[in-house]
There are 2 protein chains.
Amino acid sequence: MNLKQLSEKLGLSQTTISRALNGYPEVNEATRQRVVDAAERFNYRPNSRAKGLATGRALAIGHVIPIKTRHEMVNPIFGDFIAGAGETYAANGYEMVITMTEDSKEAEVYRSLKSRGAVDGVVVHGPTLNDPRIALLHRVGLPFVVHGRSSQVTQDYDWLDVNNRRAFERATRFLLDLGHRRIGLINGLETQEFAARRRAGYEAMLTQAGIAIDPALMRSDEMTEANGHRGAAEMLDGPDPPTAIVASSLISAIGVRRALEERQLKMGRDVSVLTYDDMLSYLRNGTDVPIFTAVRSSVREAGRRLAEILIRRIADPHGPPEHVMLEAELVVGQSTGPAPRWPAGQA
Amino acid sequence: MNLKQLSEKLGLSQTTISRALNGYPEVNEATRQRVVDAAERFNYRPNSRAKGLATGRALAIGHVIPIKTRHEMVNPIFGDFIAGAGETYAANGYEMVITMTEDSKEAEVYRSLKSRGAVDGVVVHGPTLNDPRIALLHRVGLPFVVHGRSSQVTQDYDWLDVNNRRAFERATRFLLDLGHRRIGLINGLETQEFAARRRAGYEAMLTQAGIAIDPALMRSDEMTEANGHRGAAEMLDGPDPPTAIVASSLISAIGVRRALEERQLKMGRDVSVLTYDDMLSYLRNGTDVPIFTAVRSSVREAGRRLAEILIRRIADPHGPPEHVMLEAELVVGQSTGPAPRWPAGQA
DNA sequence: GCGGCCATCCAAAGCGCTTTGAAACGATTC
DNA sequence: GAATCGTTTCAAAGCGCTTTGGATGGCCGC
């Protein structure tokens, strides 16, 4: 069923049908009702492509996911993020278009999306320091919002980010307050902006407390269980092991826990663990009482809100840039406790 | 830059440009080269919706993700699956369109995708027993492939599935061969077809070995770390605890491991654990040597192959249905060992 | 009774592409 | 030299919608 057929069936012009369905005022309320009913009855919905052609809008938003050619890693937070964004899109009549691509071809993908008119805007995921995509998208003229931030970028742009620096300041502060002096950091890849900020927060608090930064207690790697385990294992087996570890994700923290348990160390007593928690739906940090003490912020909520910003930006491409900073919340679980008098293994 | 502008710039008709770019034979090779070069130079790409309108094809494939209104759970394997499917789509010029929806509105979403002509076909995720979506999609006339199977559906349809039953037969058999007699099952939600099949495989092997099915050793729930932990904890604290546990996902297995460690039980010695492993990129089962003994099959590979089937189906809507059964592979890790003489806690 | 003004509806143009049917032209054949 | 043919190109229709610029008719005030 298309517009023409429906119009013939109703004895009305296509114009009137279109207007009735799109809520324009110049159509009699009785007529509108008749049209709406008929559309419902005949299961009529305007063809997306035809509508897009006529209006010049795609009513779609793109997410370009770089699949790292080396790691072949799909970011685990991705699922929850787009679930959040998807809610907002659905509520606003937008479609979500996802493109997986080798990171080397990412620029080409953006150009293509723009010149083919496939989407009205895009979300930039996982910005690095001085991320080249931002300048590219500005140049190409494709509206976008960044999930995170990229420093050293000169132009202003829309972004939504968690205050990662402050989150890790708090986390480190919390452990310092418990008397810990040797605190390890199992971070994400520090080429990613968020990880760099987390490290900055960690270092700032140590420095403020007069504690020297020790590279032996810092790891920067893809946030997997295996890497969390390896990093913690190396630290714990080192000459001067930490009494506390800050991890950048719940998955890494699970690896850390495994390293502790292998060494018969009790988490929260012998070694404290504090993690960042994205609040993923399938990886809850305990049910009622949290397992890990954590700084947390819902990535799903971030998706929802970022999508709202992007939709506004598409409606008004030249308005002033929006910046949203989310603060992570500290929740105390069972994985932290006062620093032991003697570090683990030396008691 | 659109077709018309490009054609004027080249002094050729739009017809010729279109044909040259789409590889039709009736255009002089020299002319084609000239056109291709110009398109490249002016960064011209045909508008997606105009092309779609003219051809009647969307060049897009839909994935409808039901967000369970109660659980609000995003399936963790989803990310890797669409990464695989995305590779195939990209290679074939298809776009991936994702719609998140409450499960109650899922039927409406399919109808809408079809009548708006938004996609050429869809992937059905997570089929339940006698899944209503299959009949619906047949009725609506939207090409689809099911990831998994749904029994009790009368019509034939395309599917790609792992042989879940055999995988769990093997897993159970392996533990039986090690001398285990009390084997627990931490399964996914058995309203999902795959989980039901896994249970059937588990039960079949126990029965074959002359062991009575004990409901006290079986759990069926969303596959989260917390549920894995709770299920294992209950079994282990029960009157007649298992010496081995089969888990339905690596995430559940991690919860099981936590329950063991809380009880000072050594995995692989006191209690054996065998898990199903979807081989998610961010949740590897160890690096070189697997941590968990597992039956495994790559969900990413499944995504790739399923997408190929769907693309063939779209090209030939009335061809014979394709069925692909993937066999899971058994890999031996450190989490299994011979059954202890006395069950844990009773030594 | 007439011009003017709403309210309501419509015909047709246009969005950017593909594709049909035909034209133009040189080469080949009889 | 006319008829035929193959190659290459083009004009125009059509995909299904939105939107512009009227048309129509009823109603008001004068």
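Residues numbered from 1 in each chain as written. Chains lettered and ligands numbered in written order. Predicted model: local features only at pLDDT ≥ 70, side-chain atom pairs only at ≥ 80, totals over all residues. Heavy atoms only, no water.

J.: Looking at this structure, I do not really get the packing of helix 2 (residues 14-21) of chain A against helix 3 (residues 29-41) of chain A. What am I missing?
T.: Two packed helices can be described by the angle between their axes and the distance between those axes. All names here are of chain A. For the pair helix 2 and helix 3, the least separation of the axes is 9 Å and the interaxial angle reads 85°. Here helix 2 is positioned roughly perpendicular relative to helix 3, judged by the angle of their axes. Across from Thr16, Ile17, Arg19, Ala20 and Leu21 in helix 2, the residues of helix 3 making contact are Thr31, Arg32, Val35, Val36 and Ala39. Along the lines of polarity and charge, the residues of the contact of helix 2 with helix 3 split into 6 nonpolar, 2 polar and 2 charged. (Axes fitted to C-alpha atoms, helices over the stretch in contact; angles between N-to-C directions. Helix = DSSP H or I, 4+ residues; strand = E, 2+ residues; numbered from the N terminus. Parallel < 35°, antiparallel > 145°, perpendicular 65-115°, else oblique. Contact = heavy atoms within 4.5 Å. Nonpolar A, V, L, I, M, F, W, Y, C, P; charged D, E, K, R; others polar.)

J.: Where do I start with the relation of the copies chain B and chain A in this structure?
T.: Relating the two copies of this chain is a rotation about some axis coupled with a shift parallel to it. If you rotate chain B by 180° and push it 0.0 Å along the axis, it lands on chain A with an RMSD of 0.1 Å. What the rotation and shift describe, once combined, is the action of a two-fold rotation axis. A symmetric contact is evident, with 96% of the interface residues of chain B recurring at the interface of chain A. (Least-squares fit on C-alpha atoms with pLDDT ≥ 70 in both.)

J.: Explanation requested: the protein's contact with DNA strand D in the structure shown.
T.: Within the structure, DNA strand D sits among 29 residues, and Leu3, Ser18 and Arg19 of chain A together with Thr15 and Glu26 of chain B are positioned closest to it. A share of 60% of the atoms of DNA strand D within 4 Å of the protein falls on sugar and phosphate groups. The backbone of Asn47 of chain A places a nitrogen or oxygen atom 3.1 Å from a phosphate oxygen of DNA strand D. Residue Thr15 of chain B places a side-chain N or O atom 2.6 Å away from a base nitrogen belonging to DNA strand D. Counting only elements with at least two residues in the surface near DNA strand D, the list comes to helix 2 and helix 4 (48-55) of chain A together with helix 2 (14-21) and helix 4 (48-55) of chain B. With 5 residues, the top contributor of residues to the surface near DNA strand D is helix 4 of chain A. A breakdown of the residues in the surface near DNA strand D according to their chemical character gives 11 nonpolar, 13 polar and 5 charged. (Near = heavy atom within 4 Å. Polar contact = N/O pair within 3.5 Å; in protein donor to acceptor, adjacent residues only side chain to side chain.)

J.: Just to check I follow, could you spell out the nonpolar core for this structure?
T.: Soluble, globular proteins show a tendency: their nonpolar side chains are buried together. By size, the foremost hydrophobic cluster in this structure holds 144 residues, and its most contacted members are Tyr89, Ile98 and Met100 of chain A together with Tyr89, Ile98 and Met100 of chain B. In this structure, Tyr89 of chain B is in contact with Ile61, His63, Tyr94, Met96, Val123, Ala307, Leu310 and Ile311 of chain B, ignoring residues within four places of it in sequence. (Core = buried A, V, L, I, M, F, W, Y, C linked by side-chain atoms within 4.5 Å. Buried < 20%, exposed > 50% of the residue type's maximum accessible area, 1.4 Å probe, protein only.)

J.: Please clarify how the interface of chain B and chain A should be interpreted in this entry.
T.: It is common to give the size of an interface as the accessible area that goes away when the parts come together. Taken together, the contact pairs 53 residues of chain B with 51 residues of chain A. Across the chain B to chain A interface the summed buried area is about 4500 Å²; carbon plus sulfur atoms make up 56%. Contact with chain A buries surface across chain B, with Arg45, Arg49 and Tyr282 of chain B losing the most and accounting together for 18% of the total. Between the two partners, chain B and chain A, sit 6 salt bridges. A salt bridge links Arg45 of chain A to Glu108 of chain B, with the shortest nitrogen-to-oxygen separation between them at 3.1 Å. Where chain B touches chain A, the interface holds 15 residue pairs in polar contact (both at pLDDT 80 or more). Of all the secondary structure elements, the ones that give two or more residues to the side of chain B that touches chain A are helix 4, helix 5 (78-91), strand 2 (95-102), helix 6 (106-115), helix 10 (225-237) and helix 11 (250-262) of chain B. The leading source of residues in the side of chain B that touches chain A is helix 5 of chain B, at 8 residues. Looking at side-chain class alone, the side of chain B that touches chain A contains 25 nonpolar, 13 polar and 15 charged residues. (Buried area = accessible area lost by both parts, 1.4 Å probe. Salt bridge = Lys/Arg side-chain N within 4 Å of Asp/Glu carboxyl O.)

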